[in-house]
Amino acid sequence: WIRPDASSPSEWEAPSFAFAFDIDGVLLHEAVPLPGASQTLKLLDYYHIPFILLTNGGGKFEVDRVKELNEKLHANMTTDNFCQSHTPFQELLPLYRDKTILVTGSDYEKCREIMEGYGFKSVVTPGDIFRAKPEVFPFETVDRPERFGKPLPKPMWEPPKKKGKHENEGVEGKEEEGEQEEKKLEDHLKIDAMFVLNDPRDWALDVQVFMDLLQSKEGYVGTYSEENNRGNWQGDGQPKLYFSNSDLIWAAKYHLPRVGQGAFQHALVGIWREITEGGRELERVSFGKPHRETYEYAEEMLVRHRGEWLRSKGYGDVEGGLKRVYMVGDNPESDIAGANGYDGKGRYGTEWVSLLVETGVFNSTRMNFVEGDPRKADVINMDVVEAVKWALRNEG
Ligand code: G3P
Ligand code: MG
């Protein structure tokens, strides 16, 4: 690829291709840059070739994660070319802006702040529920009790107290006369949707709260619905359940892949199958790679970023359009499967070429740990440097 002649920017021909880079296992192992990662991004910058980072990671504000990545990779990205697992949750704002949602992830308060930052007005965490009613979780609390959040926007539903022989001489089994004011369900806390932003840390409390809500009547915290226990999704208006990422495994610093948010998702799927009559499948919506919604969002971001970025470099006509995206990933089940599935099927009809690297989940010497079939990748490269070189040669 020849860098355009610096003398006449407006005549330069805008590159019609771009890159989408996965992060964990391609550019970083947790916070440690992989060899050649920083130089590769610099090279693309130098040749005016646009790219975005497209990660199933999350749990931080986009602006903060970009700042961290720029420091680690000596890059100068902005949130215009950065999409993390829950970034597309913003598309759901019209549905839930004025409803109450429950969120979880690595840090309850951070997850609440992120969703409030997206514009969601009423955000509750499992920690808030635990704080309001510790009996919800009958085991000793996990560490750092101070992280268990804020007062609930409305009280949780509690069954009317019955006076019985064991309490005092009241009329057996009758509700308290008189003081028991009429309890109206709608005066109590109702959760309309549940969101998982990144890998939860308090699985035990989260699983309990999620199961309570899935079995509740219309999402009223503290209620129970026979209908929902029969796994009838349309029964009593269960809260919708959204995951930001389905990764069962991912590549961290350890030499073997680690379980990811997909493991938490499958824990809920397994418990729901056991707890409901007839072993029902858990209804849920998954974002993140390989799901189409995430690739639609990423393609839109790439088209917008390419135009603005190249115009800022002095290019005249950039409407020439984005023809091809090279997706560089380490996970056959997410990065590769997603690119293959979206190839030519997006709003802009871009071709997606899947380049699988051996520095993450997939490593040919460790085949038995690989999910999915690595041979589905258009190309297998040793690392991100080789993948980008292959793509530049392919562009001639
Ligand atoms: O939690 C992050 C992990 O699921 C994978 O992240 O960057 O490889 O998509 P990434
Ligand atoms: Mg990865």
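Right, let's walk through the structure included here. Along every chain, residues carry numbers that run from 1 in the direction the sequence is written. Note on labels: chains are lettered from A, ligands numbered from 1, in written order. Local features in this predicted model are restricted to residues whose pLDDT is 70 or higher, and side-chain atom pairs enter the listing and the counts only when it is 80 or higher, whereas totals over whole chains, interfaces and linings include all residues. Only hydrogens and water are removed before side-chain values are computed, so all heavy atoms of the structure are retained for them.

### Quick notes on the coordination of the magnesium ion (ligand 2)
Stated formally: Any N, O or S atom lying within 2.8 Å of the metal counts as a donor, and for Na, K and Ca the limit rises to 3.2 Å; water is left out, so some sites can look incomplete. Working definition: helices are DSSP H or I runs of at least four residues, strands are E runs of at least two. Numbering for both runs from the N terminus. Burial classes: relative accessible area under 20% of the type maximum marks a residue as buried, over 50% as exposed, and values in between as partly exposed (1.4 Å probe, protein chains only).
Donor atoms from the polypeptide that coordinate the magnesium ion (ligand 2) comprise Asp22 (OD), Asp24 (O) and Asp330 (OD), at 2.0 to 2.1 Å from the metal. All donors of the magnesium ion (ligand 2) come from a single chain, and their spacing in sequence reads D-x1-D-x305-D. You can see Asp24 sitting in the loop between β1 (17-21) and β2 (28-29) and its partner Asp330 sitting in the loop between β15 (324-329) and α10 (332-342), a full 306 residues away along the chain. Accessibility expressed as a relative area gives 2% for Asp330, which makes it buried.

### A look at the site of ligand 1
Defined as follows: Throughout this document, a residue counts as near a molecule or strand when at least one of its heavy atoms sits within 4 Å of that molecule or strand. Pairing of N or O atoms within 3.5 Å defines a polar contact, subject to two protein rules: one partner must be a possible hydrogen donor and the other a possible acceptor, and residues neighboring in sequence count only if both atoms are side-chain atoms. Cavities and pockets were defined on a 1 Å grid built over protein atoms only: a cavity is a set of grid points that admits a 1.4 Å probe from which the probe cannot escape, a pocket is an open set flanked by protein on both sides within 12 Å along at least five of seven lines, and lining residues are those with an atom within 4 Å of any such point. Assignment to a cavity or pocket requires that more than half of a molecule's atoms be within 2 Å of the site's grid points. The classification used treats Ala, Val, Leu, Ile, Met, Phe, Trp, Tyr, Cys and Pro as nonpolar, Asp, Glu, Lys and Arg as charged, and all other residues, Gly among them, as polar.
Within the structure, ligand 1 sits among Asp22, Ile23, Asp24, Thr55, Asn56, Gly57, Asp199, Asn245, Asp247, Trp250, Lys289 and Asp330. Asp199 has a polar side-chain atom sitting 3.3 Å from an oxygen atom of ligand 1. Cavity membership is defined here by more than half of the atoms lying within 2 Å of grid points; on that basis ligand 1 lies in the largest pocket. When the residues that make up the shell around ligand 1 are grouped by side-chain class, the tally is two nonpolar, four polar and six charged.

### Section: the pairing of strand β4 (residues 51-54)
This is how it is decided: Following DSSP output, two strands are said to pair if at least two bridges run between them. Handedness of a crossover is defined as follows: orient the strands so they point away from the viewer, and if the path from the first strand over the helix to the second runs clockwise, the crossover is right-handed.
Of the two faces of β4, both are covered, the one formed by Phe51 and Leu53 as well as the one formed by Ile52 and Leu54. Bridge count between β1 and β4: three bridges; the pairing is parallel. Paired with Phe21 across the two strands is Leu53, which belongs to β4. One ladder, built from two bridges, connects β4 with strand β5 (residues 82-83); its direction is parallel. Counted as the bridge partner of Leu53 is Phe82 from β5. Read from β4 through helix α2 (residues 62-73) to β5, the crossover connection turns out right-handed.

### So, the packing of helix α9 (residues 292-312) against α10
Test applied: Fitted lines through C-alpha atoms give the axes, limited to the stretch in contact for helices. The angle between two N-to-C directions lies from 0 to 180 degrees. For this classification, under 35 degrees means roughly parallel, over 145 means roughly antiparallel, 65 to 115 means roughly perpendicular, and everything else is oblique. Any pair of residues with heavy atoms lying within 4.5 Å of one another is described as a contacting pair.
Between α9 and α10, the shortest axis-to-axis distance is 10 Å and the interhelical angle comes to 75 degrees. With respect to each other, α9 and α10 are oriented roughly perpendicular. On α10, the residues touching Arg292, Tyr295, Glu296 and Glu299 of α9 are Ser334, Asp335, Gly338, Ala339 and Tyr342. Along the lines of polarity and charge, the residues of the contact of α9 with α10 split into three nonpolar, two polar and four charged.

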